[in-house]
Amino acid sequence: MTQRLVVIGNGMAGARTVEEILARNGDFTVTMFGDEPYGNYNRIMLSNLLAGVETEEGIFLNDLAWYSENGITLNAGVKVERIDAKNKTVHDSNGVVTPYDKLIIATGSYSWTPPMKNVHNPKRGYHQGVFAFRTLDDTRGMIRYARDHERAVVIGGGLLGLEAARGLQNHVSHVTLLHAMGHLMERQLDPKAGQMLQASVEGKLGIKVITNAMTTEILGKDRVTGVKLADGTVIECDVVVIAAGIRPNTEMAANSGLPVERGIVVDDQMRVEGQPDIYSVGECAQHRGSLYGLVAPLWDQAKVLADHITGTTDVAYTGSKLSTKLKVAGIDVASMGLIAPEHDTDEVVVYNEPKKGVYKQLIIRDDVLVGAVLVGDNSKAASLIQAFDRGTALPEERAGLIFDIGGPAGEVPPAEMADDAQVCNCNGVSKGAICGAVSAGCKTVSGVMDSTRAGKGCGTCKPLVQRIVEWANGGAAEEDPAASWYVPGVPMPKPELMAAIRKYELKSVSSVFDKLVPGGEHDAKSKMGLASLLKMMWADQYIDERDARFINDRVHGNIQKDGTFSVVPQMKGGVTTPAELKRIAEVAEKYNVPMVKLTGGQRIDLLGVPKEQLPAMWADLDMPSGYAYAKSFRTVKTCVGSDFCRFGVGDSTALGIAIEERYQGLEGPGKMKLAVTGCPRNCAEAYVKDLGVVAIDGGKWEIYVGGAAGAHIRKGDLLVTVDSAEEVIKLTGRFLQYYRENANWLERTYAFVPRIGIDRIREIVIDDADGIASRLDAAVDEAVQSYKDPWKERAEPATPGQFRTSLPLTVLPQVPVRA
Amino acid sequence: MNTLSLTNLGPVTDIPLGEGRTYAVDGDMIAVFRLRNGSLRAVSAVCPHKGGPLADGQIDNSIVVCPLHLFAWDLATGCSQSGQAPISVYPVREDDGQILLGE
């Protein structure tokens, strides 16, 4: 049944929450109240409006048309005076009573005015010439007044004060910034960084800064003529802008009997404590003791609230780690976490180059980044924020965290790259092409990747593509809601998607689209990821729709550049027999296979086979599929181990074969390439595999995970050392199952393992800290049991024309045939 | 739309739901797709980028993605969604369980 949703507050939080609810097809009639007589606008952009680099239209997020298009009743310029929670109504300043079924309070903050003599005029509010800096009306008034005056004082040396000072320079010739604390931005920056920023603001921008400046009085009878500080100093001026901080708007909520401490107290579903039908979100909400005044946490809160209110269970907001990366008055500043060490053992890494205005400080605890401050150079901010958010272990070489030391060419800042510099080396996409896509209207990273194919090859250039898109966008790429989705066509991250699939028992790809995509739109680019996920979740109950498979998985071979396919017979552990070799040779000869190639995974690749010949070849070979094509368990590479090698300490060949026999064909979010090597000399390259096993002396085996030697190079992390081959086999399955369940689509283990952290993986997979080990074992066992050799499909095709050629008649680029 | 004389390509059940198959017509190769919503689409079988076999690509109810380099085309208009040349589109319909290509 349609419920009545009332939203008090039409700012960024309130409107964003409504957008999120609409995106989830929430069944509500929505009524919104806003103090300001407008649609909703991006408050952060007021600085740009003041600075004259943005127009008023440019800062609106949703204009009035959006409200009517979405059937939302907007009461703009109407203040809600009280909430009657008992009768579920809100009472507004026009005396109108509006009933609700669900209520969201998003009243945000107001600009705080420190106690000063003469700041208010009893008749007019602020004294003439004094402005707060919070709303569009504030900003308009300020611009209008400043135009005719010469000297401005800004009270408050935080981010907002700095932005105001910078913006006012556009309108007046002298700007003085007064800050009551010892250094600028003291909440985000340590004293050194604050001083560095001050030097830049004064030297580069010509704004005068006075710290430890407590303003006690506004001077002037009819209008402002100056301000007086606690030490008696008088600064003459004719405009005063107060940007001393914000305080949550909670008065109305408190007067209505709702629990208010510093903010309105909410739980993890953003529900007001003790109120089943009232929610609060944004700057006015107090969650787990914290208030948030940045946009990113607000977006997270809006999502959780929207999920919860539209019926998704198990969603919780657990707080946000705060990080900011911005240009403060034209100077790069980034800050995250701690600004000073807290423990004796905290490691502090500082780099300071005052002449250039560059300062960098890292605070590291137990190899994890817990705080960072950057001034004057944000080139490493993105990677630091990532390390801070994820809590991943930092590399030993700390200097690399703050400098590019002999790094790849990709670390050049986008601004310094030539237009024709090639960014994506797989698809040959230049910086210019990426910028072109951005200026043509593609503002998100994934949108640019789709339209240019940049980053769609091996993926190593993705971070650079992101930086260029951000740069071309003038600072930040537009937030891409799809970035967290498991596949592009279903608007859910993996855990939520899996929960919904289980809840509705969706066992086929088309049923997922029909049930979970608003409008039921199918999406070709999502099919393969969903097929893999469903197969993993349902094993033999999965309803296999062939069109959901990529061509490789439909015909069980890898498609080549000329449209032909390859045949790779299974050769467990790289071991074969003369009889098998003979058979492979005979088949290769009989079908005129243009190329016979030994692969990196120790298998024999028969390349250039027309699709229609596949079934006959498989029949003649009569060997199982070697899995050289799918997002699945591929091969286990081995060395000769103890049988023949003088140094081998473990029978790597036997163990490799046993692992391959057990886990052959297992689907995953990415390829899984394994190896077992018989001694630490590592002839089978086990240290750089998704899972690598190394025999060490004393009958023990080491298991490494998360290694790679492809587009990325990474030595795997040691997961555990065990005493028997049986334990290796069991833990291999458990790790692979954990990876299958938790990795993002196409996320290889080299990204997955560092993302989760090896310690955490060890806790789960080895120590069973979460109590899920036996469930993982059972799940992988079920998947193993449902294995069928796909090449058996040769006798009876699964679909009509499964092996019919799709090759065009035109002459194609032929794969060269080598003698 | 390109002009072709009306040709019966055989039963629609020759094409699995959600997939495509290639047909040789008048010396041309044409990929016919049977969308999951039941309707048919016919386009040139050759990807204009590097000659990929479009009938081996994945589709939804509006686009086909070439299996070689994952460029995408709109099945109804032939327009590329990824900056490539357009592909030809042919009239196709189902009549009494048969695929009828052309006008």
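Residues numbered from 1 in each chain as written. Chains lettered and ligands numbered in written order. Predicted model: local features only at pLDDT ≥ 70, side-chain atom pairs only at ≥ 80, totals over all residues. Heavy atoms only, no water.

I would appreciate a short explanation of the overall build of chain A in the present structure.
Helices and strands together make up the secondary structure of chain A, namely 25 helices and 43 strands. Every one of the 819 residues in chain A was classed for burial, and the buried ones make up 52%. Once local pairs closer than 6 in sequence are excluded, the contacts in chain A between residues at least 24 apart make up 61%. By element, 50% of the accessible surface of chain A is carried by carbon and sulfur atoms, the whole surface being about 36000 Å². (Helix = DSSP H or I, 4+ residues; strand = E, 2+ residues; numbered from the N terminus. Buried < 20%, exposed > 50% of the residue type's maximum accessible area, 1.4 Å probe, protein only. Contact = heavy atoms within 4.5 Å. Areas by Shrake-Rupley, 256 points an atom, 1.4 Å probe, with all protein chains shown as cover.)

Can you walk me through the pattern of salt bridges in this structure?
Tallying each qualifying case throughout the model produces 46 salt bridges over all chains. Across the pair Arg140 of chain A and Glu56 of chain A runs a salt bridge, and its minimum N-O distance is 2.7 Å. With a gap of 84 residues between them, Arg140 of chain A in helix α4 (residues 136–147) and Glu56 of chain A in the loop between α2 (46–51) and β4 (60–62) connect regions that are remote in the sequence. In this structure Glu56 of chain A comes out as partly exposed when scored by relative accessible area, which is 24%. With its nearest N and O atoms 3.7 Å apart, the salt bridge here joins Glu545 of chain A to Arg36 of chain B. On the criterion of chain membership, the pair formed by Glu545 of chain A in the loop between α16 (527–538) and α17 (551–555) and Arg36 of chain B in the loop between β3 (28–34) and β4 (40–44) is interchain, its members lying in two chains. Classification of Glu545 of chain A by relative accessible area gives buried; the value is 13%. Overlapping salt bridges bring together Arg16, Glu20, Arg24 and Asp307 of chain A as one network. (Salt bridge = Lys/Arg side-chain N within 4 Å of Asp/Glu carboxyl O.)

Hey, could you run me through helix α1 (residues 12–23) of chain A in this one?
One turn of the α-helix equals 3.6 residues, which is why residues spaced by three or four share an orientation. All names here are of chain A. If you check α1, its first and last C-alpha atoms are 16 Å apart, about what twelve residues at 1.5 Å a residue would give, namely 16 Å. Burial within α1 is extensive, with nine of its twelve residues counted as buried. Looking one or two places after α1, you find Asn25, whose phi comes out positive at around 55 degrees. (Expected span 1.5 Å × (residues − 1).)

Whenever I open this one, the sheet that holds strand β20 (residues 239–242) of chain A confuses me. Can you help?
Strands belonging to one sheet form pairs held by backbone hydrogen bonds; the direction of such a pair is parallel or antiparallel. Residue and element names in this part refer to chain A. Spatial strand order, β13-β20-β14-β15-β16: five strands in an open sheet with parallel pairing. One side of each edge strand has no neighbouring strand; the edge strands of this open sheet are β13 (130–132) and β16 (208–210). Here the strands of the sheet are splayed against their neighbours by 20 degrees on average, with no regard to which way each runs. Across the sheet, α4 is in contact with β13 and β20; its angle to β13 comes to roughly 150 degrees. (Pairing = 2+ DSSP bridges. Axes fitted to C-alpha atoms, helices over the stretch in contact; angles between N-to-C directions.)

Looking at this model, I keep getting lost on the interface of chain B and chain A. Mind explaining?
Bring the parts together and some accessible area is lost; that lost area is often taken as the interface size. In this complex, chain B contributes 34 residues to the contact, which on the side of chain A involves 37 residues. Buried area between chain B and chain A, both sides added, is near 2800 Å², and the carbon and sulfur share of it is 52%. When residues of chain B are sorted by the area they lose upon contact with chain A, Arg36, Asp56 and Gln58 of chain B head the list and together hold 24% of the total. In this assembly, chain B and chain A are joined by four salt bridges. Note that Arg36 of chain B and Asp547 of chain A form a salt bridge whose closest N and O atoms lie 2.9 Å from each other. Put simply, chain B and chain A have 16 residue pairs in polar contact (both at pLDDT 80 or more) between them. Taken together, the elements giving at least two residues each to the side of chain B that touches chain A come down to β2 (20–25), β5 (58–59) and β6 (63–65) of chain B. In terms of residue count, β2 of chain B provides more of the side of chain B that touches chain A than any other element does, three residues in total. Looking at side-chain class alone, the side of chain B that touches chain A contains 16 nonpolar, eleven polar and seven charged residues. (Buried area = accessible area lost by both parts, 1.4 Å probe. Polar contact = N/O pair within 3.5 Å; in protein donor to acceptor, adjacent residues only side chain to side chain. Nonpolar A, V, L, I, M, F, W, Y, C, P; charged D, E, K, R; others polar.)

Help me out: how do you make sense of unusual backbone geometry in this one?
Across residues other than glycine, the phi torsion is negative in most instances, and most of the peptide bonds are trans. All names here are of chain A. One non-glycine residue with positive phi stands out, namely Asp314, at about 65 degrees. You can see Asp314 is positioned in the loop between α8 (295–309) and β26 (323–328). The residue Arg453 is not glycine, and still its phi comes out positive at about 75 degrees. Relative to the elements of secondary structure, Arg453 occurs in the loop between α12 (445–452) and α13 (462–472). On the basis of relative accessible area, Arg453 is assigned to the buried category, the value being 6%.

Quick question: what am I supposed to make of the packing of helix α23 (residues 749–756) of chain A against helix α24 (residues 758–765) of chain A here?
Two numbers describe a pair of packed helices, the interaxial angle and the distance between the axes. Residue and element names in this part refer to chain A. Running from N to C, α23 and α24 point in directions that differ by 90 degrees, and their axes come no closer than 5 Å. Here α23 is positioned roughly perpendicular relative to α24, judged by the angle of their axes. For the pair α23 and α24, the contacting residues are Phe752, Val753 and Ile756 in the first and Ile758, Arg760 and Ile761 in the second. Here the contact of α23 with α24 is built from residues that sort into five nonpolar, no polar and one charged. (Parallel < 35°, antiparallel > 145°, perpendicular 65-115°, else oblique.)

I keep staring at the nonpolar core and nothing clicks. Help me out?
Across soluble globular proteins, you tend to see nonpolar side chains buried next to one another. All names here are of chain A. Counting 65 residues, the largest nonpolar core has Val490, Leu497, Ile501, Val512, Leu516 and Val567 as the members making the most contacts within it. In terms of residue count, the dominant contributor to this core is α16 (eight residues). Apart from the residues within four sequence positions on either side, Val567 is in contact with Ile604, Asp605, Leu606, Val609, Leu614, Met617, Trp618, Leu621 and Trp791. (Core = buried A, V, L, I, M, F, W, Y, C linked by side-chain atoms within 4.5 Å.)

How should the packing of aromatic side chains be read in this particular structure?
What characterises a pair of aromatic rings is the spacing of the ring centres plus the angle enclosed by the ring planes. Residues and elements named next belong to chain A. Summed over the entire model, instances satisfying the criterion amount to 15 aromatic pairs over all chains. Measuring from centroid to centroid gives 6.3 Å for Phe633 and Tyr663, while their planes differ by 45 degrees, and the two rings are tilted. On the criterion of sequence distance, the pair formed by Phe633 in strand β37 (residues 633–638) and Tyr663 in helix α21 (residues 652–663) is long-range, its members being 30 residues apart. For Phe633, a relative accessible area of 0% gives the class buried. (Phe/Tyr/Trp six-rings, centres within 6.5 Å; stacked < 30°, edge-to-face > 60°.)

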